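# Examining the three-dimensional arrangement
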Amino acid sequence: MAGLLQALVGASEKAAHIARLCRREEPLFQLLVAEKTGADRNRRFLQDFKTLADVLIQEVIKHDLGKEFPELRGHIHGEESNEFRNGQGESRGSSGAGGPPHTGGHGAVAEAGVLAGETRAAAELLAAAVHRDVALEDVELAGVALSIPPQDLAVWIDPIDSTNEYIGGREDVAPIDGIAPAGLCSALVLVGAYDRQTGCPVLGVINEPFFRRDPLTRRWQGRYHWGVAYGDTRLCSLSPPPPRPTPCVVLSRAERDAVRAALGPLCGDRLRFAAGAGYKMLCVILGLADAYVLSEGSTFAWDACAPHAILRALGGGIVALAGALRVRRAGDAGPPPELVYNLPAEGVAGAERWANRGGLVAYAHPRHLEAVLAAL
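Here the structure is a predicted model, which is why all the values come from computation and not from measurement. (Residues numbered from 1 in each chain as written. Predicted model: local features only at pLDDT ≥ 70, side-chain atom pairs only at ≥ 80, totals over all residues. Heavy atoms only, no water.)

## What about the UniProt feature "binding site: Mg(2+)" (unreviewed entry) in the chain?
- Within this structure's numbering, the places UniProt gives as "binding site: Mg(2+)" (unreviewed entry) are E79, D158, I160, D161 and D303. In terms of the greatest pairwise C-alpha distance, the residues named above, spread along 225 residues, form a tight cluster of at most 9.7 Å across.
- Relative to the helices and strands, D158 is located in strand β6 (residues 153-161).
- What makes D158 buried here is its relative accessible area of 0%.
- Ignoring anything within four residues of it in the chain, the contact list for D158 reads E79, L188, V189, L190, W302 and D303.
- In this fold, D161 is placed in strand β6.
- The residues contacting D161, other than those within four sequence positions of it, are S186, A187, L188, L190, G276, A277, G278, Y279 and D303. (UniProt positions renumbered as here; feature names shortened; annotations may be inferred. Helix = DSSP H or I, 4+ residues; strand = E, 2+ residues; numbered from the N terminus. Buried < 20%, exposed > 50% of the residue type's maximum accessible area, 1.4 Å probe, protein only. Contact = heavy atoms within 4.5 Å.)

What follows is the structure, given as structure tokens:
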């Protein structure tokens, strides 16, 4: 399992490099943005987009993990369909994890072949990024020793969470108490592993490709965080954040007025707003917020699996909001139901099969969870 954790981190680093590369090559980036349609579209948005980077990152991670851990093949899932229709209306399919990605055969990289001649150099850069060997110089990660059979696990990938912010690329959004309301910094790579039988998240990696710019080169630099929550083992690259006397809760700008009003007396002036489900969960992980509340079923398994594993490693978690409120109203003082990642919803198709229906609460400290549930 330690090898798998290192592989997940390595995959996230390669993914972050591809995400930065696609933003840096502006002609390539602007051409290769596609609107999601049909069952793949998140109904919360009037327009829902994916980029070449989304598709390429997902397929590269699936290929690399499947090659190193054959037991995971067929159990590595992601947000995106593997078909990409570019801005010129041309469509390509991706070969997925079955064959090695390369310029001539890997669908997502071959997509770059439809570009005009002046962007072929960018296509070659993408091909080089796909084959790039990632060297992790992380002493703490290298020292992790764990034991769990990979064949017991499955993986959820969100190749670029907060894709709309990634497309927008804003760098001028000022943070409020460390939480950016929007912008490129909220675009993350999320890779989480869960137990196939129980659906419980056990490994999580969050990569921030656009954490900071190098002041000399002006190139973006990233960072990553990881967590393990398996059996009695709790390991994390971060320390548990200290709880605040008055909790800070982060919400979506689209959150209902009733939820804002219910949380107001609890939080006072500590309600914050941000883009991206993964980023809001990361704010809780980093101690910038104490909880993230979402009342709608507009997040999915791939959004929550990796952050959930890290939160569990820190002593927190993510509960299903509607289920937790039902339990409390029934007078049950036991632990409310946590999200699981192996059970698709029945009677729906496409992405909605994996929606976190009824909303969620991500929390770092159980007492803040109880305070939020009481307020709601």
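On we go.
## Brief notes about the packing of helix α9 (residues 277-285) against helix α10 (residues 301-313)
- One way to put it is that α9 packs onto α10 with a least axis distance of 9 Å and a crossing angle of 5 degrees. By the criterion of interaxial angle, the relationship of α9 to α10 is roughly parallel. Seen from α9, the contacting residues are A277, M281, V284 and I285; seen from α10, they are D303, A304, P307, I310 and L311.
- Its residues placed into classes, the contact of α9 with α10 shows 8 nonpolar, no polar and 1 charged. (Axes fitted to C-alpha atoms, helices over the stretch in contact; angles between N-to-C directions. Parallel < 35°, antiparallel > 145°, perpendicular 65-115°, else oblique. Nonpolar A, V, L, I, M, F, W, Y, C, P; charged D, E, K, R; others polar.)

## Points about the sheet that holds strand β8 (residues 201-213)
- The sheet built from 6 strands is open, its strands ordered β3-β6-β7-β8-β9-β10 with mixed pairing. At either end of the open sheet lies a strand with only one pairing partner, and these are β3 (76-78) and β10 (233-236). Across the sheet, the axes of successive neighbouring strands diverge by a mean angle of 15 degrees, strand direction being ignored.
- Where β3 and β6 come together, 3 bridges link them in parallel fashion. Directly across from H77, in β6, lies its bridge partner W156.
- Against the sheet, α9 makes contact with β6, β7 (188-195), β8 and β9 (220-230), and its axis sits at roughly 75 degrees relative to β7, the strand it touches most.
- Each of β3, β6, β7, β8, β9 and β10 is contacted by α10, which is oriented at about 100 degrees to β8, the strand it contacts most. (Pairing = 2+ DSSP bridges.)

## Thoughts on the state of the cysteines
- Using the criterion set out here, one finds 0 disulfides in the structure.
- Of all cysteine sulfurs, the one in C283 lies closest to C185, which takes part in no disulfide; the gap is 8.3 Å. (Disulfide = S-S within 2.5 Å.)

## A word on the environment of L184
- Within the fold, L184 resides in the loop between α7 (163-168) and β7.
- For L184, a relative accessible area of 2% corresponds to the buried category.
- With 21 residues separating them along the chain, L184 and T163 place their C-alpha atoms 9.2 Å apart.
- Look past the residues within four positions of L184 in its chain and what remains in contact with it is R23, E165, Y166, G169, R170, E171, F210 and W220.

## Concerning the packing of aromatic side chains
- The full count for this structure, using the stated rule, is 5 aromatic pairs.
- Seen in terms of ring centroids, Y166 and F210 are 5.9 Å apart; in terms of plane orientation they differ by 45 degrees. Their pairing is tilted. Separated by 44 residues along the polypeptide, Y166 in helix α7 and F210 in strand β8 bring together distant segments of the chain.
- Members of the aromatic cluster, connected to one another through ring pairs, are W156, F300, W302 and W354. (Phe/Tyr/Trp six-rings, centres within 6.5 Å; stacked < 30°, edge-to-face > 60°.)

## Here's the deal with helix α11 (residues 321-329)
- Every buried residue of α11 is accounted for by L321, G323, A324 and L325.
- Close packing links the buried residues of α11 with β13 (291-294), β14 (317-320), β15 (360-363) and α12 (366-375).
- At the C-terminal side of α11, G331 shows a positive phi close to 85 degrees.

## Digging into the pattern of salt bridges
- The full count for this structure, using the stated rule, is 9 salt bridges.
- For D177, the salt bridge goes to R272, with nearest N and O atoms at 2.5 Å. Taken as a pair, D177 in the loop between α7 and β7 and R272 in strand β12 (residues 271-273) lie far apart in primary sequence, 95 residues in all.
- Looking at D177, the relative accessible area reads 54%, which means it is exposed.
- Linking R328 and E370 is a salt bridge whose minimum nitrogen-to-oxygen distance equals 2.7 Å. Highlighted residues: R328 in helix α11 and E370 in helix α12, separated in sequence by 42 residues. (Salt bridge = Lys/Arg side-chain N within 4 Å of Asp/Glu carboxyl O.)

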